[in-house]
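Working through the structure, step by step
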Amino acid sequence: TFSFIPKLAIFSSRSLIIMAASIKSSAFSTVSQYLDNWPTPKKKILRTVQECIRKAAPKGEDVISYAMPAVLFDGKRVWYAGWDKHYSIYVPQVMAQYQNELKRYKTSKSAINFPWDEPVPVDLITKIAQSVMALPGKAAKTKIKSAQND
């Protein structure tokens with residue numbers, strides 16, 4: 001098992017809170033460090049997930065957030081992580097709109113779990129990430145505030 005992977009508890013559909021993370025998880029200051037600690041077959045899958053998210057946010061930044069890799073763009077994040085039996089994406093902002101397409105996967109209020117031994121659902125992950133990135137972000141909020149002040 002991977003002791004460096006944090007255990008998460010989801011308290012709301014809008015937040016990810018770390019309940020317990022091993023000391024090793026803080027050792028990952030970059031996404032590359034996180035990914036490089038996975039065996040090659042799983043690392044390839046996580047890189048594919050990263051590429052799907054990056055396709056939705058080509059100008060996004062790869063960051064470690066809540067001890068997990070994420071792509072950050074305009075104040076919005078799509079997290080992803082590997083676990084012993086599955087890998088997940090964390091998209092609390094849009095979970096409700098994909099209920100029908102996610103019926104075959106285990107989900108929570110914020111996470112979609114994909115089994116390691118199935119093909120990566122590239123189109124689905126890309127579409128979900130695009131939905132998150134299409135949400136109003138910092139730039140949109142700034143424009144709204146400016147318009148209200150005029």
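Residues numbered from 1 in each chain as written. Predicted model: local features only at pLDDT ≥ 70, side-chain atom pairs only at ≥ 80, totals over all residues. Heavy atoms only, no water.

1. Regarding the sheet that holds strand β7 (residues 106-107)
Basically, it comes down to this: Strand pairing is assigned whenever DSSP identifies at least 2 bridges connecting the two strands. By definition, any uninterrupted DSSP run of H or I lasting at least four residues is a helix, any uninterrupted run of E lasting at least two residues is a strand, and each is numbered from the N terminus. In what follows, a contact means two residues having at least one pair of non-hydrogen atoms within 4.5 Å. For helices, the fitted line uses only the C-alpha atoms of the stretch in contact; every axis is such a line through C-alpha atoms, and the angle between N-to-C directions lies from 0 to 180 degrees.
Pairing is antiparallel across the open sheet formed by six strands, whose spatial order is β3-β4-β5-β6-β8-β7. The open sheet has two edge strands, β3 (61-65) and β7, and neither has a second partner. Note that strand β4 (residues 68-73) and strand β5 (residues 76-82) share four bridges and pair antiparallel. Considered in β5, the bridge of Leu 72 is made with Arg 77. Packed on one face of the sheet, helix α2 (residues 40-56) meets β3, β4, β5 and β6 (86-90) and runs near 170° to β5. Along the sheet, helix α3 (residues 122-134) makes contact with β4, β5, β6 and β8 (111-115), crossing β5 at roughly 150°.

2. Here's the deal with the packing of α2 against α3
Helix packing for two helices is described by the angle between their axes and how far apart those axes are. Put simply, the rule reads: Working rule for angles: under 35 degrees goes down as roughly parallel, over 145 as roughly antiparallel, 65 to 115 as roughly perpendicular, anything else as oblique. Crossings are classed by handedness, with left-handed meaning an anticlockwise turn of the near helix from the far one by less than a right angle and right-handed meaning a clockwise turn. In this count, Pro and Cys sit with the nonpolar residues alongside Ala, Val, Leu, Ile, Met, Phe, Trp and Tyr, while Asp, Glu, Lys and Arg are called charged and the others, Gly among them, polar.
Taken N-terminus to C-terminus, the directions of α2 and α3 make an angle of 40°; their axes are 8 Å apart at the nearest point. Our classification of the angle between α2 and α3 gives oblique. When the axes of α2 and α3 are compared, the crossing they make is right-handed. Residues Thr 48, Val 49, Cys 52, Ile 53, Lys 55 and Ala 56 of α2 form the contact with α3, whose own contacting residues are Val 122, Ile 125, Thr 126, Ala 129, Gln 130 and Met 133. Residues belonging to the contact of α2 with α3 are distributed by class as follows: eight nonpolar, three polar and one charged.

3. Concerning α2
The following threshold applies: A helix is expected to span 1.5 Å for every residue after the first. Here's how the labels work: a residue is buried when its accessible area is under 20% of the maximum for its type, exposed when over 50%, partly exposed in between, all with a 1.4 Å probe on protein chains only. Arc definition: it is the arc formed by the directions from the helix axis to the C-beta atoms.
If you check α2, its first and last C-alpha atoms are 25 Å apart, about what 17 residues at 1.5 Å a residue would give, namely 24 Å. Every buried residue of α2 is accounted for by Ile 45, Leu 46, Val 49, Gln 50, Cys 52, Ile 53 and Ala 56. Buried residues of α2, seen end-on, are gathered within an arc of 155° and therefore sit on one face of the element. Counted as exposed and oriented over 90 degrees from the buried face of α2: Pro 41, Lys 44, Glu 51 and Lys 55. If you follow the buried residues of α2, they end up packed against α1 (31-36), β3, β4, β5, β6 and α3.

4. A word on the packing of aromatic side chains
Under the convention used in this document: Geometry of aromatic contacts follows a simple scheme: Phe, Tyr and Trp rings, the Trp one being its six-membered ring, pair when their centres are within 6.5 Å, and the pair is stacked under 30 degrees between planes, edge-to-face over 60, tilted otherwise.
By the definition in use, this model includes seven aromatic pairs. On the basis of an interplanar angle of 55° and a centroid distance of 6.5 Å, the ring pair of Tyr 34 and Trp 38 is categorised as tilted. The pair formed by Tyr 34 and Trp 38 is uniform in burial state, with each residue classed as buried. Considering the side-chain rings of Tyr 87 and Trp 116, the 5.2 Å spacing of their centres and the 50° angle between planes classify their relative orientation as tilted. Here Trp 116 lies in the loop between β8 and α3 and Tyr 87 lies in strand β6, a separation of 29 residues in the sequence.

5. Let's talk about the nonpolar core
To keep things clear, this is the line we draw: Here the nonpolar core consists of buried residues drawn from Ala, Val, Leu, Ile, Met, Phe, Trp, Tyr and Cys, with membership extended through side-chain atoms lying within 4.5 Å.
Core analysis: the largest hydrophobic core is formed by 41 residues, its most contacted members being Tyr 87, Ile 89, Val 91, Ile 112, Ile 125 and Ile 128. Looking at this core, the elements with two or more residues in it are α1, α2, β4, β5, β6, β8 and α3.

6. Side note on the environment of Arg 77
For the record, the criterion: For the purposes of these results, a polar contact is taken to be a pair of N or O atoms within 3.5 Å, where, inside protein, one atom must be able to donate a hydrogen and its partner to accept one; residues adjacent in sequence count only when each atom of the pair is a side-chain atom.
The topology assignment puts Arg 77 in strand β5. In this structure Arg 77 comes out as partly exposed when scored by relative accessible area, which is 29%. Arg 77 sits 55 residues away from Val 132 along the chain, and the two C-alpha atoms are 7.6 Å apart. At 3.4 Å, the side chain of Arg 77 forms a polar contact with the side chain of Ser 65.

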